[in-house]
Amino acid sequence: MNKWTLLAAGLVLAVFLAMFSVPTHGFSTPDGKAIMEDRCGGCHGLDRITSKTKDRAGWQTTVNRMIGKGATLNDEEKAALIDYLVSK
Ligand code: HEC
């Protein structure tokens, strides 16, 4: 083994370590703001949402209404989105 082989092996190892050290739990908690930007801007501007202040029940009703119109959210995304809307 010459030093280049060692260097290449070290590089591969470093890439593997970097891959496994990425905090994957960051992906399992959906980000409400990102969900809004992704799912709620298709039919109207986001300002239509961000300009409104509602309590949790109000946002729940609104989000359910939007799902009825065609917004796609699973239960987890819906919960994260409502948390964000209540606290924005
Ligand atoms: C399929 C199209 C569509 C999508 C996707 C959509 N909306 Fe709407 N939204 C509408 C339409 C149409 C209106 C106006 C008519 C009405 O208020 O029912 C509206 C109005 C609104 C209003 C103003 C009326 C109110 O109740 O305060 C809010 C707030 C709102 N949407 C939030 C959202 C949020 C949050 C999302 C993402 C979950 C979303 N919308 C996604 C179609 C959509």
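Our subject is the structure listed above.
Residues numbered from 1 in each chain as written. Predicted model: local features only at pLDDT ≥ 70, side-chain atom pairs only at ≥ 80, totals over all residues. Heavy atoms only, no water.

Caption draft 1: A look at the packing of helix 3 (residues 32–39) against helix 6 (residues 75–87). Where helix 3 meets helix 6, the axes come as close as 8 Å, and the angle between the chain directions of the two elements is 105°. Judged on the interaxial angle alone, helix 6 and helix 3 are roughly perpendicular. Along the contact surface, helix 3 presents Gly32, Lys33, Ile35, Met36 and Arg39, while helix 6 presents Glu77, Ala80, Leu81, Tyr84 and Leu85. (Axes fitted to C-alpha atoms, helices over the stretch in contact; angles between N-to-C directions. Helix = DSSP H or I, 4+ residues; strand = E, 2+ residues; numbered from the N terminus. Parallel < 35°, antiparallel > 145°, perpendicular 65-115°, else oblique. Contact = heavy atoms within 4.5 Å.)

Caption draft 2: Summary view of the layout of surface pockets. Empty space within the largest pocket amounts to approximately 400 Å³. In this structure, the largest pocket is lined by 22 residues; those nearest its centre are Cys40, His44, Ile49, Thr62 and Met66. Among the secondary structure elements, those contributing two or more residues to the lining of the largest pocket are helix 3, helix 4 (47–50), helix 5 (56–69) and helix 6. At six residues, the largest contribution of residues to the lining of the largest pocket is made by helix 5. Residue composition of the lining of the largest pocket, by class: eleven nonpolar, five polar and six charged. (1 Å grid on protein atoms, 1.4 Å probe; cavity = no way out; pocket = protein on both sides within 12 Å on 5 of 7 lines; lining within 4 Å. Points joined across faces, edges and corners; volume = space filled by probe spheres on them. Nonpolar A, V, L, I, M, F, W, Y, C, P; charged D, E, K, R; others polar.)

Caption draft 3: Spotlight on the coordination of the iron atom of the ligand. Those donors, His44 (NE2) and Met66 (SD), are the protein atoms that reach the iron atom of the ligand, and they lie 1.9 to 2.2 Å from it. Each of the six donor atoms around the iron atom of the ligand contributes to a set of angles spanning 86 to 179°, which defines the coordination as octahedral. Taken together, the positions of His44 in the loop between helix 3 and helix 4 and Met66 in helix 5 put the pair 22 residues apart, joining distant regions of the chain. Given a relative accessible area of 22%, Met66 falls into the partly exposed group. (Donors = N, O, S within 2.8 Å, 3.2 Å for Na, K, Ca; no water. Tetrahedral: all angles 85-135°; square planar, octahedral: opposite > 155°, others 65-115°. Buried < 20%, exposed > 50% of the residue type's maximum accessible area, 1.4 Å probe, protein only.)

Caption draft 4: How the structure looks around the site of the ligand. Among the 16 residues in the neighbourhood of the ligand, the closest are listed as Cys40, Cys43, His44, Arg65 and Met66. Here an oxygen atom of the ligand sits 2.7 Å away from a polar atom, N or O, in the side chain of Lys54. Contact distances for the ligand include 3.0 Å between an oxygen atom and a side-chain N or O atom of Lys69. Assessed atom by atom at 2 Å from the grid points, the ligand resides in the largest pocket. Mapped onto the shell around the ligand, the elements with two or more residues apiece are helix 4 and helix 5. (Near = heavy atom within 4 Å. Polar contact = N/O pair within 3.5 Å; in protein donor to acceptor, adjacent residues only side chain to side chain. Sits in = over half its atoms within 2 Å of the grid points.)

Caption draft 5: Focus on the nonpolar core. Judged by nonpolar contacts, Ile35, Met36, Cys40, Ile49, Trp59, Val63, Leu73, Ala80, Leu81, Ile82, Tyr84 and Leu85 together constitute the single largest core of twelve residues. For this core, the elements supplying multiple residues, two or more each, are helix 3, helix 5 and helix 6. Per element, the largest residue contribution to this core is five residues, and it comes from helix 6. Excluding anything up to four places from it in sequence, Ile35 contacts Pro30, Cys40, Leu73, Glu77, Ala80 and Leu81. (Core = buried A, V, L, I, M, F, W, Y, C linked by side-chain atoms within 4.5 Å.)

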